[in-house]
Structure formats: C-alpha cells, structure tokens
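# A structural walkthrough
Here is what each chain is made of, one letter per residue.
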Amino acid sequence: MTVYFIGAGPGDPELITVKGQRLVRSCPVILYAGSLVPPAVLAGNTAERVVNTADLDLDAIVALLAEAHRNGQDVARVHSGDPSLYGAIGEQIRRIRALGIPYEIVPGVTATAACAAALGCELTLPGISQTLILTRYATKTAMPEGEQLGDLARHGSTLAIHLGVRHIARIVDELLPHYGADCPVAVIYRASWPDEERVTGTLADIAAKVQQTDIERTALILVGRVLAAEGFADSSLYASAQAAGR
C-alpha cells in the first residue's frame with residue numbers, strides 16, 4: 001500500500017490535478033482535512049472509509065494510516081493547496097517512515113497561484129520583480145533566524161504572506177520602510193471558493209479596509225509592485241527574432 005499526500009488545490013474542486021482526482025476516486029481509504037478541503041473534491045470516490053481529520057491529533061491520524069497499512073489499503077491523505085507548503089505533512093511523513101509505511105506526495109495548485117488568478121495578474125514581471133517569496137507571519141511558532149518579515153522585505157520582491165491577516169496592521173508596519181506607503185497590496189479570502197472575497201489597496205490603507213470586513217483567517221496577503229504595474233518591459237520569451245537580436 002501507499003499513503004498519497006494529495007494537494008487538493010485552493011478550494012475550487014476543478015483545480016485538483018488529474019492524478020490527485022484519480023487517486024481520490026480509487027483509494028479505499030480517504031483521510032481529508034475537512035476544515036479546508038470542500039466535500040466536492042471527494043465526489044465520485046468509492047472508498048470503504050472516509051475520515052475528516054479536522055478534529056484529530058497527529059497520533060490519531062498516524063494510527064489510521066498504520067491500520068490501513070496493516071490492511072494493505074492505499075490511502076488518499078487529502079490536504080488543501082499544495083501539501084508541501086504549510087501542509088503539516090513533514091511530521092506525518094517522519095512518523096510513517098519510522099513505521100516503514102510507503103508514501104508519495106502529489107502536488108497541488110497553491111493558494112498563491114489561485115490568488116494571482118483571481119487578481120488577473122502575473123507575479124513576476126520584467127524589471128519589476130523576478131522573485132516571489134512565500135512566507136508566513138510569526139505568531140505561535142517563531143520564524144528561523146533571518147526569516148523575519150523585515151529581513152525578507154529588504155529584497156523588495158513580491159511577497160505572499162500566509163496566516164497573517166489577523167495581524168495586518170503589524171505586517172504593514174514592518175513592510176512600510178521597505179516598500180513605501182503606495183505599494184499595492186491584495187488580501188484574498190478563500191481564493192477560488194464560492195464565497196471568495198478580495199480587498200485591494202496600498203500599504204497606506206489596506207489595514208483599515210480589511211478591518212471593515214469580517215476576514216479573520218483563511219486569507220493570503222500579496223504585496224508588491226507587480227500587482228499594479230503598467231510600464232514594464234516585454235519579456236524575451238515571445239520577442240521577435242529581430243528584437244531578440246538587439
């Protein structure tokens with residue numbers, strides 16, 4: 001048997017990969033993060049057992065994986081977005097490795113990609129930003145040395161900040177010295193879900209705008225000049241032969 005850590009995508013059930021969908025529909029055991037994965041992602045499954053792990057701790061989840069291993073049953077372990085990003089799969093993998101349980105990671109569409117799609121923009125533009133930093137805001141778990149938001153902001157690149165919308169005012173304070181008050185910002189709540197909500201502005205006004213909404217979690221903060229750039233150069237990818245030779 002194999003435990004498949006599957007990225008279900010950001011919310012829209014059509015954004016799961018073909019491979020992920022095939023495994024969800026064929027594995028006899030499904031463990032899914034019900035607080036973040038919509039039930040529609042599980043449509044068409046033929047599983048003998050489907051478990052919402054939202055209220056289970058690590059020990060209970062590993063026990064279910066071990067049981068499936070003893071029974072020779074493949075497991076679709078379904079996480080939101082891409083499981084390699086803030087998916088808490090590392091601790092599960094560490095435990096099942098020790099138990100000799102085989103596993104595979106199936107990538108998924110990230111929340112960052114879904115937010116860029118919702119905004120209709122590209123996050124890497126010539127002459128504006130060629131670097132995207134995905135990070136989170138330090139709350140319960142401290143950030144490693146050199147990864148504080150101010151350290152990352154010095155690069156001036158596009159930022160995708162997870163798990164920080166409740167602290168938007170503090171985030172703004174840390175970013176202002178590096179990006180300037182006029183830097184565009186977008187806060188996207190539940191990107192690609194039916195109740196998706198977007199708040200756009202600048203570092204000067206985004207905190208006040210967000211505080212006027214009910215957004216408190218499940219939102220991504222995007223920061224960078226790419227969000228409102230107009231005068232950027234064309235890339236060399238589609239340049240004519242004459243232009244490319246200049």
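So, here's what we can say about the structure. (Residues numbered from 1 in each chain as written. Predicted model: local features only at pLDDT ≥ 70, side-chain atom pairs only at ≥ 80, totals over all residues. Heavy atoms only, no water.)

Bringing the overall build of the protein chain into the picture now. Of regular secondary structure, the protein chain possesses 8 helices and 10 strands. Its C-alpha atoms give the protein chain principal-axis dimensions of roughly 60 × 50 × 35 Å. Expressed as a percentage of the 246 residues in the protein chain, the buried residues total 44%. Across the protein chain, contacts joining residues at least 24 apart in sequence account for 68% of those joining residues at least 6 apart. For the protein chain, the exposed surface amounts to about 12800 Å²; the carbon and sulfur share of it is 49%. Of note, the protein chain has its 20 positive side-chain charges centred 4 Å away from the centre of its 26 negative side-chain charges. (Helix = DSSP H or I, 4+ residues; strand = E, 2+ residues; numbered from the N terminus. Buried < 20%, exposed > 50% of the residue type's maximum accessible area, 1.4 Å probe, protein only. Contact = heavy atoms within 4.5 Å. Areas by Shrake-Rupley, 256 points an atom, 1.4 Å probe, with all protein chains shown as cover. Lys, Arg positive; Asp, Glu negative; His and termini not counted. Charge placed at Lys NZ, Arg CZ, Asp CG, Glu CD.)

A few words now on the nonpolar core. Within the largest apolar cluster, 25 residues are counted, with the highest numbers of intra-cluster contacts made by L159, I161, L175, V187 and V223. At the level of secondary structure, the elements contributing two or more residues to this core comprise α5 (149-153), β7 (158-162), α6 (168-179), β8 (184-189), α7 (206-211) and β10 (219-223). With residues near it in sequence (within four places) discarded, V187 still touches V165, I168, E197, R198, V199, I206, V210, A219, L220 and I221. The next biggest cluster of nonpolar side chains, apart from the first, holds 17 residues, and it includes I6, Y32, A33 and A47. (Core = buried A, V, L, I, M, F, W, Y, C linked by side-chain atoms within 4.5 Å.)

Glancing now at the pattern of salt bridges. Two side chains that carry opposite charge are able to pair once their charged atoms sit near each other. Counted according to the given criterion, the structure contains 8 salt bridges. We note a salt bridge from R49 to E67, for which the minimum N-O separation is 3.2 Å. Remark: E67 occurs in helix α2 (residues 58-70) and R49 occurs in strand β3 (residues 49-52); sequence separation between them is 18 residues. Assessed through its relative accessible area of 37%, R49 is described here as partly exposed. Since its relative accessible area comes to 30%, E67 is described here as partly exposed. Note that D182 is salt-bridged to R225, the shortest N-O span being 2.9 Å. Taken together, the residues span a long stretch of sequence, with D182 in the loop between α6 and β8 and R225 in the loop between β10 and α8 (241-244) at a distance of 43 residues. (Salt bridge = Lys/Arg side-chain N within 4 Å of Asp/Glu carboxyl O.)

The analysis is restricted to geometry; functional conclusions fall outside its scope.
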